[in-house]
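Commentary on secondary and tertiary structure
The residues making up each chain are set out below.
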Amino acid sequence: MNATSDQTFDVVVIGAGAVGENAADRAGRTGLSVAIVEEALVGGECSYWACMPSKALLRPGAVLAAARGVPGVAEMVAGTLEPEPVLARRDSFTSHWHDDSQVSWLESAGITLVRGRARFTGPRTMSVTTDPDGACTTLTARHAVILATGSTPVIPSVPGLDASEVWTSREATSVAAVPPSLAIIGGGVVAVEMATAFTDLGSRVTVVARGDRLLTGAEPFAGEAVAASLTDLGVDVRLGTEVTRASDDAPPASDGSANTTRLHLSDGSTLDVARVLVATGRRPATTGVGLDHVGLDPRVPLAVDDAMEVLVEPGGAGTGWLFAVGDVAGRVATTHQGKYEGRVAGDVVAARFGPTPAEGPGPVGTDARAREQAAGPWSRFRATADHGAVPQVVFTRPEVSSVGLTAQQARDAGLDVRTVRYDMASVAGASLLSDDYAGTAQLVVTTDTRLVVGATFVGPEAAELLHAATIAVVGEVPLERLWHAVPAYPTVSEVWLRLLEEAGL
Ligand SMILES: Cc1cc2nc3c(=O)[nH]c(=O)nc-3n(C[C@H](O)[C@H](O)[C@H](O)COP(=O)(O)OP(=O)(O)OC[C@H]3O[C@@H](n4cnc5c(N)ncnc54)[C@H](O)[C@@H]3O)c2cc1C
């Protein structure tokens, strides 16, 4: 149902992205009444402008590359991708930017949707602007508010770069006509994935990154492999380079197509392109939510504890009523980890504020409140994995999948670690997958306790190798026990056996 007047609920969630939806679902499971406020589409960035459309754009190129690695099939796929059906399939994955099915799901879960932009007017109370004329309704939460407002792209202040003209990931993932040329500013996940997708679709792509390698948050060998493969695909990768100025005096390209922008680069060169995609990171969406009305500074990153409760100041006391999850919490910016945080916060709210056994039954469990109060790390009321067990996949070719700490991060954290590495092409299952399979696997292992604290796989379909590594990291499984997890023959997972042998088993 849609709320129509000033109302009070037990819990209000602000932001109906994937993360807010999960938090709302869990918070309502003890019978608490839950409202969720959304100013745009229910489902948020991931469903319409991020994970789903970007992966829909990337999948056809991956399938084509896989087919080309297998004689007998390779001969049948000599051409390039057809952009039109690729974009049409992408459109179906975004439900043509309609959120009806997600709204139906909210209804089936008993969550009240309030359409509009929420802004705190005081603790537990907010005004919601419900229509463009500024009509407002007031929502009050009896117990808790869960903030799940996501993040917004960072646009660098480059002279001449008109923020209204450049593409962000939104325009790139919802593209209707593939531009003949595209400059991508940035060297992170969005930059390399979009460089791959647009090259597949037929754009001439240039990546301009100021770092000395791509994917600086990953193991160096991962960024190096992606840079090499992008170059092989025909992408012009310019590392250690910054855009210093932009102008609109670009002449047409040699094929006669129009260019909109001339980028002036720090190495003195210029780049004329039809489109510019800025992929220089995102910041938590904490402004414009009225945090200043609840004693918090919107310019300062939120501090949250492992229950995802917002703290009055870092290391300080909890607010007692405000929680933050997903991108806005500033801990990890992926959908899966945000949803994990949403499940944790929802369960904490349900346990802390839901009915006790004396007050009524609750599916969280009869002693949920006591269990939550006594909860320690790795209980389902604490988002412990955020600290060193976060999985991530980059859907480039090769794919990069990783979990936990890089070797450098482990050493910076004071751990005594060593790395073991294996060439995945030497695994029987990998060579069956593709004649030209190339890839590398690496574990980061503590020298004293012999635990896996980090893993990185670079190669075709490396994404599917990741969850085994995540279980090893989260479960703190010693190498000696992992030895008994026998990988099936002939799969790429046999790389685990080889890695353990490299580790001395
Ligand atoms: C191009 C791209 C590709 C990505 N690919 C992946 C991927 O493959 N896998 C992955 O795990 N992650 C991926 N991510 C990251 C992922 O999209 C985000 O981590 C995820 O969307 C965060 O979810 P969220 O619910 O916290 O925020 P969002 O999805 O941004 O949802 C926040 C919602 O809050 C609403 N909102 C904001 N302020 C208010 C307000 N004041 N009142 C009412 N409503 C409000 C917004 O309209 C929005 O719907 C990708 C990101 C990008 C940019």
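Residues numbered from 1 in each chain as written. Predicted model: local features only at pLDDT ≥ 70, side-chain atom pairs only at ≥ 80, totals over all residues. Heavy atoms only, no water.

**Things to note about the pattern of salt bridges**
Which entries qualify depends on this criterion: We define a salt bridge as a contact between a side-chain nitrogen of Lys or Arg and a carboxyl oxygen of Asp or Glu at a distance within 4 Å. Put simply, DSSP H or I for four residues or longer makes a helix, DSSP E for two residues or longer makes a strand, and each gets a number counted from the N terminus. Burial status follows relative accessibility: with a 1.4 Å probe on protein chains alone, a residue under 20% of its type maximum counts as buried, one over 50% as exposed, and anything between as partly exposed.
Applying the stated criterion across every chain yields a total of 23 salt bridges. Put simply, Asp 272 and Arg 262 hold a salt bridge, and the shortest N to O gap is 2.7 Å. With Asp 272 in strand 13 (residues 270–273) and Arg 262 in strand 12 (residues 261–265), this pair connects stretches of sequence that are 10 residues apart. Exposure remark for Arg 262: the relative accessible area of 22% places this residue in the partly exposed category. With its nearest N and O atoms 2.8 Å apart, the salt bridge here joins Glu 309 to Arg 352. A residue pair is termed long-range when its members are at least 10 positions apart, and Glu 309 in strand 16 (residues 309–311) and Arg 352 in helix 9 (residues 335–353) qualify at 43 residues. According to the relative accessible area criterion, Glu 309 is buried, its value standing at 7%.

**Thoughts on the sheet that holds strand 20 (residues 417–423)**
Basically, it comes down to this: Only strands joined by at least two bridges in the DSSP assignment are considered to pair. Helix axes are fitted to C-alpha atoms over the stretch in contact, other axes to C-alpha atoms as well, and angles between N-to-C directions run from 0 to 180 degrees.
With antiparallel pairing, the 5 strands of this open sheet are ordered in space as 18-19-22-21-20. In this open sheet, the two edge strands, each paired with only one partner strand, are strand 18 (391–394) and strand 20. Mean inter-strand twist for the sheet, computed between neighbouring axes without regard to direction, equals 10°. As paired strands, strand 20 and strand 21 (residues 440–446) are joined by 7 bridges and run antiparallel to one another. Looking across to strand 21, one finds that Arg 421 is bridged to Gln 442.

**Here we look at the layout of surface pockets**
The following threshold applies: Grid points spaced at 1 Å and placed over the protein atoms alone form the basis of the search, with a cavity being a set where a 1.4 Å probe fits but cannot get out and a pocket an open set showing protein on both sides within 12 Å along at least five of seven lines. Lining residues have an atom within 4 Å of a point. Grid points are joined across faces, edges and corners, and a volume is the space filled by probe spheres set on the points. When residue character is reported, Ala, Val, Leu, Ile, Met, Phe, Trp, Tyr, Cys and Pro are called nonpolar, Asp, Glu, Lys and Arg charged, and the others, Gly included, polar.
Of the voids in this model, the second largest pocket is the one considered here, and its volume is about 1200 Å³. Taken together, 42 residues make up the lining of the second largest pocket; nearest its centre are Gly 61, Ala 62, Ala 65, Thr 396 and Arg 397. Counting residues per element, the ones that place at least two in the lining of the second largest pocket are helix 3 (51–68), helix 4 (83–93), helix 7 (189–201), helix 8 (220–233) and strand 22 (452–459). With 12 residues, helix 3 is the single largest residue contributor to the lining of the second largest pocket. Considering only residue class, the lining of the second largest pocket consists of 21 nonpolar, 10 polar and 11 charged.

**Quick notes on helix 4**
Defined as follows: For this quantity, the arc is that covered by the directions from the helix axis to the C-beta atoms. The contact rule is simple, with two residues in contact once any of their heavy atoms fall within 4.5 Å.
Inspection of helix 4 places Val 86, Leu 87, Arg 90 and Asp 91 among the buried residues, and these make up the whole buried set. One side of helix 4 carries all its buried residues, which in axial view fall inside an arc of 145°. Looking at the buried residues of helix 4, the elements they touch are helix 3, helix 6 (169–173) and helix 7. Phi turns positive one or two residues past the end of helix 4, at Ser 95, with a value near 50°.

**Section: the nonpolar core**
Nonpolar side chains in soluble globular proteins generally cluster together in the buried interior. Cut-off, in case you're wondering: Nonpolar core, defined: a set of buried Ala, Val, Leu, Ile, Met, Phe, Trp, Tyr and Cys residues in which side-chain atoms within 4.5 Å join the residues together. Domain delimitation in this document rests on an assignment produced automatically or drawn from a domain database.
By size, the foremost hydrophobic cluster in this structure holds 91 residues, and its most contacted members are Phe 120, Met 126, Leu 147 and Phe 457. The dominant element in this core, judged by the number of residues it contributes, is helix 9, at 7 residues. When residues are assigned to domains, this core turns out to be shared by domain 1 (7–37 + 99–139 + 148–152 + 284–386) and domain 4 (398–502), each giving three or more. Apart from the residues within four sequence positions on either side, Leu 147 is in contact with Ile 14, Phe 120, Val 289, Leu 291, Leu 302, Leu 322, Phe 323, Ala 324, Val 325 and Val 328.

**Concerning the pairing of strand 21**
Among the 7 residues in strand 21, 6 count as buried, and that is most of the element. When strand 21 meets strand 22, the two strands line up antiparallel, connected through 6 bridges. Looking at the pairing, Thr 440 lines up with Val 458 of strand 22. Counted along the chain from strand 21 to the antiparallel partner strand 22, the turn is 5 residues long, and its residue Arg 450 has a positive phi close to 55°.

**Quick notes on the domain arrangement of the protein**
According to the domain assignment, the protein consists of domain 1 (7–37 + 99–139 + 148–152 + 284–386), domain 2 (48–93), domain 3 (169–280) and domain 4 (398–502). Placing the centre of domain 1 and that of domain 3 at their C-alpha centroids yields a distance of 37 Å.

**Notes on the site of the ligand**
Our working definition: Distances are taken per atom, and a residue is near a molecule or strand as soon as one of its heavy atoms is within 4 Å of it. Whenever a nitrogen or oxygen atom comes within 3.5 Å of another N or O atom, the pair is scored as a polar contact, on the condition that within protein one atom can donate a hydrogen and the other can accept it, and that pairs from neighbouring residues in sequence are kept only if both atoms are in side chains. In these tables, accessible area is a Shrake-Rupley quantity obtained with a 1.4 Å probe, and a residue counts as shielded only by the protein chains included in the view.
Surveying the vicinity of the ligand reveals 32 residues, the closest of which are Glu 38, Glu 45, Lys 55, Asp 327 and Thr 335. One of the side-chain N or O atoms of Glu 38 is found 2.6 Å from an oxygen atom in the ligand. Within the contact set of the ligand, an oxygen atom lies 2.8 Å away from a side-chain nitrogen or oxygen of Lys 55. Summarising the interface, the protein chains cover 90% of the accessible area of the ligand, which totals 1000 Å² for the free molecule. When residues of the shell around the ligand are sorted by domain, at least three fall in each of domain 1 (7–37 + 99–139 + 148–152 + 284–386) and domain 2 (48–93).

**Remarks on the sheet that holds strand 11 (residues 243–247)**
Pairing within the open sheet is antiparallel, and its 3 strands lie in the order 11-12-13. Each end of this open sheet is capped by a strand with a single partner; those strands are strand 11 and strand 13. Pairwise comparison of adjacent strand axes, ignoring direction, gives a mean angle of 25° for this sheet. For strand 11 and strand 12, the ladder comprises 4 bridges, and the chain directions are antiparallel. Considered in strand 12, the bridge of Ala 246 is made with Leu 263.

**Quick notes on helix 1 (residues 18–27)**
With respect to burial, helix 1 is a largely interior element, 8 of its 10 residues being buried. Among the residues of helix 1, those classed as buried are Ala 18, Val 19, Gly 20, Glu 21, Asn 22, Ala 23, Ala 24 and Ala 27.

**Here we look at the packing of aromatic side chains**
Spelled out, the test is: Think of it this way: a Phe, Tyr or Trp ring, Trp meaning its six-membered ring, pairs with another when their centres are within 6.5 Å, and the plane angle makes it stacked under 30 degrees, edge-to-face over 60, tilted otherwise.
On inspection of all chains with the given rule, the structure shows 4 aromatic pairs. Taken together, a centroid distance of 5.7 Å and an interplanar angle of 50° make the contact between Trp 167 and Phe 198 tilted. Of the two residues, Trp 167 is situated in the loop between strand 7 (151–153) and helix 6 and Phe 198 in helix 7; the sequence distance between them amounts to 31 residues. Exposure remark for Trp 167: the relative accessible area of 9% places this residue in the buried category.

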